[in-house]
Amino acid sequence: MPTHCPECGWKYQREPGYFLGSIYFNYGVTAFLVTATYVPLFFVWEIPSRVLMPIMLAFCVLFPLWFFRYARALWMAWDYLADPPTSGDSTPSAGVTAHQPDAPTRK
Ligand SMILES: [Zn+2]
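Here the structure is a predicted model, which is why all the values come from computation and not from measurement. Here the residue numbering is sequential within each chain, running from 1 through the sequence in written order. Reporting in this predicted model follows two pLDDT cut-offs: at least 70 for local features of residues, and 80 or more for side-chain atom pairs to be given and counted; totals over whole chains, interfaces and linings ignore these cut-offs and use all residues.

## Here's the deal with the overall build of the protein chain
Link 1 in the chain: Going along the chain from the N terminus, every DSSP run of H or I of four or more residues is numbered as a helix, and every run of E of two or more is numbered as a strand. Within the protein chain, the regular secondary structure consists of two helices and zero strands.
Link 2 in the chain: Residues with at least 20 neighbouring C-beta atoms inside 10 Å of their own are called buried, those with 12 or fewer are called exposed, and the rest are partly exposed, where every C-beta is derived from the backbone. For the protein chain, buried positions account for 5% of its 107 residues.
Link 3 in the chain: Whether two residues are in contact is decided by their C-beta atoms, placed from the backbone, lying within 7 Å. Partitioning the intrachain contacts of the protein chain with sequence separation of at least 6 by distance along the chain shows that 69% fall at a separation of at least 24.

## Description of helix H1 (residues 22-44)
Structural remark: α-helix, 3.6 residues per turn; residues separated by three or four positions point the same way.
Link 1 in the chain: Under the convention used throughout, the expected extent of a helix is 1.5 Å for every residue step, that is, one less than its residue count. Here H1 is 23 residues long and its end C-alpha atoms lie 33 Å apart, about the 33 Å a rise of 1.5 Å per residue gives.
Link 2 in the chain: Backbone geometry just downstream of H1 places Glu 46 in the positive-phi region, at approximately 55°.

## Some remarks on the environment of Trp 78
Link 1 in the chain: With respect to the element layout, Trp 78 can be found in helix H2 (residues 49-82).
Link 2 in the chain: Residue Trp 78 is classed as partly exposed on the basis of its 14 C-beta neighbours within 10 Å.
Link 3 in the chain: Taking the C-alpha atoms as reference points, Trp 78 and Ser 22, separated by 56 residues in sequence, lie 9.6 Å from one another.

## Quick notes on the confidence of the model for the protein chain
Interpretation of the predicted coordinates at a detailed level should be avoided for regions scoring low in pLDDT.
Link 1 in the chain: Scored from 0 to 100, pLDDT reflects the predictor's confidence in each residue. When pLDDT is averaged across the protein chain, the result is 84; 80% of the residues are at 70 or more.
Link 2 in the chain: Every residue in residues 92-107 is under pLDDT 50, and counting partners more than four places away or in other chains gives 13 contacts.

## Side note on the environment of Leu 20
Link 1 in the chain: Examined against the element boundaries, Leu 20 turns out to sit in the segment before H1.
Link 2 in the chain: Judged by the 9 C-beta atoms lying within 10 Å of it, Leu 20 is exposed.
Link 3 in the chain: Separated by 55 residues in sequence, Leu 20 and Trp 75 place their C-alpha atoms 9.1 Å apart.

## A short note on H2
Link 1 in the chain: Helix length check: H2 (34 residues) gives 40 Å between terminal C-alpha atoms against 50 Å at 1.5 Å per residue, more than 12% under.
Link 2 in the chain: Throughout, bend refers to the angle between the axes fitted to the seven residues that end at a position and the seven residues that start at it. Considering bend angle alone, the principal kink of H2 is centred on Phe 68 and spans about 50°.

## Some thoughts on unusual backbone geometry
Link 1 in the chain: The backbone of Glu 46 shows a phi angle near 55°, a positive value even though the residue is not glycine.
Link 2 in the chain: The residue Glu 46 is located in the loop between H1 and H2 in this model.

Quick look at the structure:
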């Protein structure tokens, strides 16, 4: 994963262990999807649990592996809303200087 956005220089990882919070999003979305799928399949269509369980278990293992990058994006959006960056961290100028105007040089 790149450390900064190539367009604006946004620093993705604000501190060590920053993306630990994305696990909550990953787990929450996975649990919601499994529950929202299992309940109607079991109670409405009456598919036996011995058929549903292996499918749901495989989903619980594979889906978070695919979804982790989106969970990170959700975490960054949440963090941006809850704790906006100050001038000391994660400013667009923190990593990339390509879009900044040239500073005057001394001779
Ligand atoms: Zn950007």
